[in-house]
Amino acid sequence: MKRIEFLKTLGLSTVGLAVSESLLSGCMDMSEMNAVAPDIMQGAFTTPLPTPEMAVSGTSLNAHGMSGSVMPGKSGSMLGYRNGILGPTIRAERGSVVTMPFTNGLTGETNIHWHGLLVPPAMDGHPEQMVKAGQSFNYTFRIDQPAGMAWYHPHPHMETGRQVFMGLAGMFIVESPEERALKLPSGEYEIPMVIQDKRVDASGGLVYNPTMGEVMIGYMGDTITVNGAHAPYRSVSSRTYRLRVLNGSNARIYNLALSSGDPFTVIGSDGGLLPSPEPVTNLLLAPGERADLLLDFGKMNLNGEVFLQSNPFSGADSQGRQGFKIMKFVVDKTESDSFALPLTLTNIPALSAASAAKTRTFDIGISMEGSGKHKMGKKKSMAGMHTINGKTFSMDRIDEAVPLNNVEIWEFNNANGDEPHPMHMHGTFFQIVSRAGGRNKIVAHEKGWKDTVLVMPGESVRVITKFERAGKFVFHCHNLEHEDDGMMLNFQVS
Ligand SMILES: [Cu+2]
């Protein structure tokens, strides 16, 4: 259903439909439902880009309240896993066993989901696997997947949006001999980047307080940060760099481009390298998605500047109407490199649609069926307007039973919706089979293994995967306000 039709229906039949009490209890009027993405506050680009600390297996993580800010010289309240707004960037070798001792220093429940790591269900951070306040849990798993960039963040149902927005997230890089053999730019020439939009109070602390309307469109900030700093810059040499970009935002989509208009090269995605490099001039990156990019600063003049920015884009409602700069690169050293881009990066055997044993269809969006049925506890929310096949999340209900080792096509149908939904599956990587409607094509970073796919309004996207891990997992929209509003289901592989 389109949002405007939904709101009309809701307005005419609120009482009859027994929509949750919070909806009726005066904390909203209909105008509050029509939120728009806030205008971006452009920064000065005078803060050096921070690099989150590097960590390996054994490093302890402690979710806790702390003082800090994304604005230089300020200090307010936020959440962190160690000393900064973002957790450390963990690096691990394919085949190794990783143990991350975790303590919950918050006042409420939390846990860790290893987004993009194929871990056993008991380690995956399912919303029923909570670590209570003051308690600890040892996350331990063997890394058994291609090299690439994953990330980690909390997954407590109806609290994920707040905890991630307030600062709990970090990057996780998987390395392998195969990838090292390609001699991609590394060390100081490899820049992991988490892009997030934030809202900041007068003291510099973070603010998470979505209105009803912001649950509808997702909670967006006016302050764009990279690695926890607003409007940073990075000095670079006149050579090729590898940028590993994570969209760690709750709801904001970025249409990544260079201010010069120059092309850049996509070499990887959520689940590692693409089969071959893909040159692009822009790339739409949704919350939860990663893009592994090569940027060549070699053509630039000494002391030249170029911005990574988000270009305006259409189809996603109020977000996308404004272009804005994200960070600045300053070329201040002349350096040549002998890097030669390989024509083939890796081999990804295509899962053929003909081999699928089953196709499941999921209608994603807003519906009256879910409205009012979602138990929201103390939290102000639209209470279950965002649904998958008309259902909101229920902790114990198994929505999809999948035979182990089945190859299946899952179709996410947003043909009748008017909100973008980045759909994320736990416990498996998938390949994109097709996109009908809207953009009508598979875009550059979708040509490899994915765990999150953007389904824009009007689109229907088919993905294919082999379910090789037994257990109970969730799949959900990675617009975190939609997820917290109930847009998540369980699937059981057995
Ligand atoms: Cu969504």
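Residues numbered from 1 in each chain as written. Predicted model: local features only at pLDDT ≥ 70, side-chain atom pairs only at ≥ 80, totals over all residues. Heavy atoms only, no water.

- Going by an unreviewed UniProt entry, the protein carries the name Multicopper oxidase and comes from Persicitalea jodogahamensis.

## Notes on the coordination of the copper ion
Point 1. Protein-derived ligands of the copper ion are His421 (ND1), Cys477 (SG) and His482 (ND1), with the metal-ligand distances lying across 2.0 to 2.1 Å.
Point 2. As a motif over one chain, the donors of the copper ion read H-x55-C-x4-H.
Point 3. Assessed through its relative accessible area of 0%, cysteine 477 is described here as buried. (Donors = N, O, S within 2.8 Å, 3.2 Å for Na, K, Ca; no water. Buried < 20%, exposed > 50% of the residue type's maximum accessible area, 1.4 Å probe, protein only.)

## Points about the nonpolar core
Point 1. Counting 43 residues, the largest nonpolar core has Trp114, Leu117, Tyr139, Phe141 and Phe172 as its most contacted members.
Point 2. Residue assignment for this core shows that the elements contributing at least two residues are β3 (61-68), β4 (76-80), β5 (89-93), β6 (97-104), β8 (136-142), β9 (148-153) and β10 (170-175).
Point 3. Counting the residues that make up this core, at least three belong to each of domain 1 (47-180) and domain 2 (187-332).
Point 4. Discounting chain neighbours no more than four positions away, the residues touching tyrosine 139 are Val98, Thr99, Met100, Phe102, Asn111, Ile112, Trp114, Met123 and Val131.
Point 5. Formed by 33 residues, the second largest nonpolar core is a distinct cluster that contains Leu258, Phe264, Leu285 and Leu293. (Core = buried A, V, L, I, M, F, W, Y, C linked by side-chain atoms within 4.5 Å. Helix = DSSP H or I, 4+ residues; strand = E, 2+ residues; numbered from the N terminus. Domains from an automatic or database assignment. Contact = heavy atoms within 4.5 Å.)

## Here's the deal with the pairing of strand β15 (residues 240-247)
Point 1. In terms of residue burial, β15 counts as a mostly covered element, since 8 of its 8 residues are buried.
Point 2. Neither face of β15 is exposed, since Thr240, Arg242, Arg244 and Leu246 on one face and Tyr241, Leu243, Val245 and Asn247 on the opposite face are all buried.
Point 3. Pairing of strand β11 (residues 190-198) with β15, which is carried by 6 bridges, proceeds in the parallel orientation. What sits directly across from proline 192, in β15, is arginine 244.
Point 4. By the bridge criterion, 7 bridges tie β15 to strand β20 (residues 290-296) in an arrangement that is antiparallel. The partner of valine 245 across the bridge, within β20, is alanine 291. (Pairing = 2+ DSSP bridges.)

## Considering the sheet that holds β20
Point 1. Spatially, the 7 strands line up as an open sheet ordered β13-β12-β11-β15-β20-β17-β18, and their pairing is mixed. Here the strands that pair on one side only, and so sit at the sheet edges, are β13 (229-230) and β18 (272-280).
Point 2. Inspection of the sheet shows strand β12 (residues 223-226) paired to β13 by 2 bridges, in the antiparallel sense. Bridge pairing links threonine 225 to histidine 230 in β13.

## Here we look at the environment of valine 56
Point 1. Along the chain, valine 56 falls in the loop between β2 (54-55) and β3.
Point 2. Between the alpha carbons of valine 56 and valine 98 there is a distance of 8.0 Å; along the sequence they are 42 residues apart.
Point 3. When neighbours within four sequence positions are excluded, valine 56 is seen to be in contact with Arg91 and Met100.

## A look at the pairing of β9
In summary, the side chains of a regular strand alternate between the two faces of the sheet.
Point 1. By the criterion of burial, β9 is predominantly enclosed, with 6 of the 6 residues buried.
Point 2. One ladder, built from 3 bridges, connects strand β7 (residues 113-115) with β9; its direction is antiparallel. Each residue of the ladder has a partner; that of histidine 113, found in β9, is histidine 153.
Point 3. The sheet contact formed by β9 and β10 spans 5 bridges and is antiparallel. When the bridges of β10 are listed, tryptophan 151 appears paired with methionine 171.

## Here's the deal with the sheet that holds β9
Point 1. If you walk across this open sheet you meet the 5 strands as β2-β5-β10-β9-β7, and the pairing is mixed. Both outer strands of the open sheet, β2 and β7, are each paired with one neighbouring strand and no more.
Point 2. Bridge count between β5 and β10: 4 bridges; the pairing is parallel. Bridge pairing in β10 links isoleucine 90 to phenylalanine 172.

## Some words on the packing of aromatic side chains
Point 1. For the structure shown, the criterion picks out 27 aromatic pairs.
Point 2. For the pair phenylalanine 297 and phenylalanine 329, a centre-to-centre distance of 5.1 Å together with 40 degrees between the ring planes defines the contact as tilted. With phenylalanine 297 in the loop between β20 and β21 (305-310) and phenylalanine 329 in strand β22 (residues 324-333), this pair connects stretches of sequence that are 32 residues apart.
Point 3. One aromatic cluster in this structure is built from Tyr81, Phe102, Trp114, Phe137, Tyr139, Phe141, Tyr152 and Phe172.
Point 4. The ring of phenylalanine 165 carries the charged tip of lysine 198 above its face, separated from the ring centre by 4.8 Å.
Point 5. The ring of tyrosine 189 carries the charged tip of arginine 239 above its face, separated from the ring centre by 3.6 Å. (Phe/Tyr/Trp six-rings, centres within 6.5 Å; stacked < 30°, edge-to-face > 60°. Lys NZ or Arg CZ within 6 Å of the ring centre and 35° of its normal.)

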